[in-house]
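Residue-level structure breakdown
The residues making up each chain are set out below.
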Amino acid sequence: MLFVSPYLIYLAAVFVYPLGFAVWLSFHDYFFTAPGAQVDRPFVGFDNYTTVLSDPEVWRSFLNIAVFLVINVPLTVVSSLLLASALNRKLRFRSFFRTAYYIPYVTASVAVVGVWIFLFNTNGLVNQALGPLAPDPSWLVNSHLAMPTVAVFVAWKQLGFFVVLYLTALQNVPNELYESAALDGAGKFRMFRSITIPAVRPATLLVLVLATVTGANLFTEPYLLTSGGGPDGATTSPVLLMYQRGLQQGHPDEAAAIGVILVVLITAVSLAYRRFIERD
């Protein structure tokens, strides 16, 4: 307990207290005041939840994040597992490729966002390469393509981290399993389906949960790529909406209610992931 206590203190200060305070905020009429001012903040029950759940903008933000997760999570799982399987073999320049895939993850978001804006703006390299096939309006100002573009960007940026998780799991799979399967005449695809995928199931659960939690907390990418949730709110996420409601519009109680709803939904999805994978 002595060795664990510093982390427990950190966890309580950074996670437990803010979460508890957010729940308290969501049930009170809370507003910002001057430092030291004493004002009443009455208990209002579920009024804040009623307000946000009757707001079409809130529903759209959750729909946006659902679209993001449907694209981002499967793309992340499949891409990271395939790349990890390739990098786990004897490959020329393997160390170089492992480092190259990890660099975007540790690079500041502002820097890589600048590169993607350069690539995907109206006169960017992607549209120049596509020529007449380029979408109009362009990727990041197209209400139908903006969120999928953000989802692909996040999957690309975080790919290196999930590749490392899968590599760690793959290195614990005994080579004897593959050798026995090869002697029995199994091909590479059959070995991948019957040995690799079941062997890395715990890592897959971890990747699913982390990718979902990270995606649900989407803020930086739409804030920078689409100038704060554009076009016309097509990339506004619940966390970005919390920032706008709580800090820009001065309604932290409503922002807290959105946050509590988001936590409940993501917890339910994570538990569903776990039950599905363990049952399978």
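In what follows, the structure referred to is the one given above.
To keep things clear, this report deals only with the structure shown in the data block.

Quick notes on the rules
- Residues numbered from 1 in each chain as written.
- Predicted model: local features only at pLDDT ≥ 70, side-chain atom pairs only at ≥ 80, totals over all residues.
- Heavy atoms only, no water.
- Helix = DSSP H or I, 4+ residues; strand = E, 2+ residues; numbered from the N terminus.
- Buried < 20%, exposed > 50% of the residue type's maximum accessible area, 1.4 Å probe, protein only.
- Core = buried A, V, L, I, M, F, W, Y, C linked by side-chain atoms within 4.5 Å.
- Contact = heavy atoms within 4.5 Å.
- Expected span 1.5 Å × (residues − 1).
- Bend = angle between axes of the 7 residues up to and from the residue.
- Polar contact = N/O pair within 3.5 Å; in protein donor to acceptor, adjacent residues only side chain to side chain.
- Phe/Tyr/Trp six-rings, centres within 6.5 Å; stacked < 30°, edge-to-face > 60°.
- Salt bridge = Lys/Arg side-chain N within 4 Å of Asp/Glu carboxyl O.
- Axes fitted to C-alpha atoms, helices over the stretch in contact; angles between N-to-C directions.
- Parallel < 35°, antiparallel > 145°, perpendicular 65-115°, else oblique.
- Left-handed = near helix turned anticlockwise from the far one by under 90°.
- Nonpolar A, V, L, I, M, F, W, Y, C, P; charged D, E, K, R; others polar.

**Here's the deal with unusual backbone geometry**
- P137 follows D136 through a cis peptide bond whose omega is 0°.
- Among the secondary structure elements, P137 is positioned in the loop between helix 6 (125-130) and helix 7 (146-170).
- Phi is positive for S227, which is not a glycine, with a value near 60°.
- Examined against the element boundaries, S227 turns out to sit in the loop between helix 11 (220-225) and helix 12 (238-248).
- With relative accessibility at 70%, the residue S227 sits in the exposed group.
- With a phi angle near 55°, D232 is a residue other than glycine that sits in the positive phi range.
- Along the chain, D232 turns up in the loop between helix 11 and helix 12.

**Brief notes about the nonpolar core**
- Ranked by size, the top nonpolar core spans 36 residues in total, and within it F68 and Y166 carry the most contacts.
- Taken together, the elements giving at least two residues each to this core come down to helix 3 (56-87), helix 5 (109-120), helix 7 and helix 10 (201-216).
- Broken down by element, the residue count for this core peaks at twelve residues, all from helix 7.
- Setting aside residues no more than four positions away along its own chain, Y166 makes contact with V77, S80, L81, A84, V200, A203, T204 and V207.
- Counting residues in hydrophobic clusters, the runner-up holds 13 residues, among them Y49, F62, V260 and I261.

**Topic: helix 3**
- Here helix 3 is 32 residues long and its end C-alpha atoms lie 45 Å apart, about the 46 Å a rise of 1.5 Å per residue gives.
- At L69, helix 3 shows its largest kink, close to 25°.
- At the N-terminal end of helix 3, a side-chain oxygen is found 2.9 Å from the backbone nitrogen of E57, two or three residues along, and the residue is D55.

**Considering the packing of aromatic side chains**
- Across all of its chains, the model carries 22 aromatic pairs by this definition.
- Taking 4.8 Å as the distance between ring centres and 20° as the angle between the ring planes, the aromatic pair formed by W116 and F120 counts as stacked. Separated by four residues within a single helix, W116 and F120 lie in helix 5, roughly one turn from each other.
- Owing to a relative accessible area of 14%, F120 belongs among the buried residues under this scheme.
- The structure contains a cluster of three or more aromatic residues connected by ring pairs, namely Y17, F21, W24, Y30 and F32.

**A word on the pattern of salt bridges**
- In the structure shown here, the tally under the stated rule is three salt bridges.
- R245 is paired through a salt bridge with D55; the nearest N and O atoms lie 2.1 Å apart. Highlighted residues: R245 in helix 12 and D55 in the loop between helix 2 (47-53) and helix 3, separated in sequence by 190 residues. An identical accessibility class is assigned to R245 and D55; each is buried.
- Close ionic contact of R245 with E254 constitutes a salt bridge, the shortest N to O distance being 3.3 Å. In terms of burial, R245 and E254 fall into one category: buried.
- Linked through salt bridges whose partners overlap, the residues forming this network are D55, E57, R245 and E254.

**Some points on the packing of helix 12 against helix 13 (residues 252-279)**
- Contact pair helix 12 / helix 13: the axes reach a minimum separation of 7 Å and the direction vectors enclose 165°. Classified by the angle their axes make, helix 12 and helix 13 are roughly antiparallel. Regarding helix 12 and helix 13, the two cross each other, and that crossing is left-handed. Contacts between helix 12 and helix 13 involve P238, V239, L241, M242, R245 and G246 from the former and P252, E254, A255, I258, G259 and L262 from the latter.
- Residue composition of the contact of helix 12 with helix 13, grouped by class: eight nonpolar, two polar and two charged.

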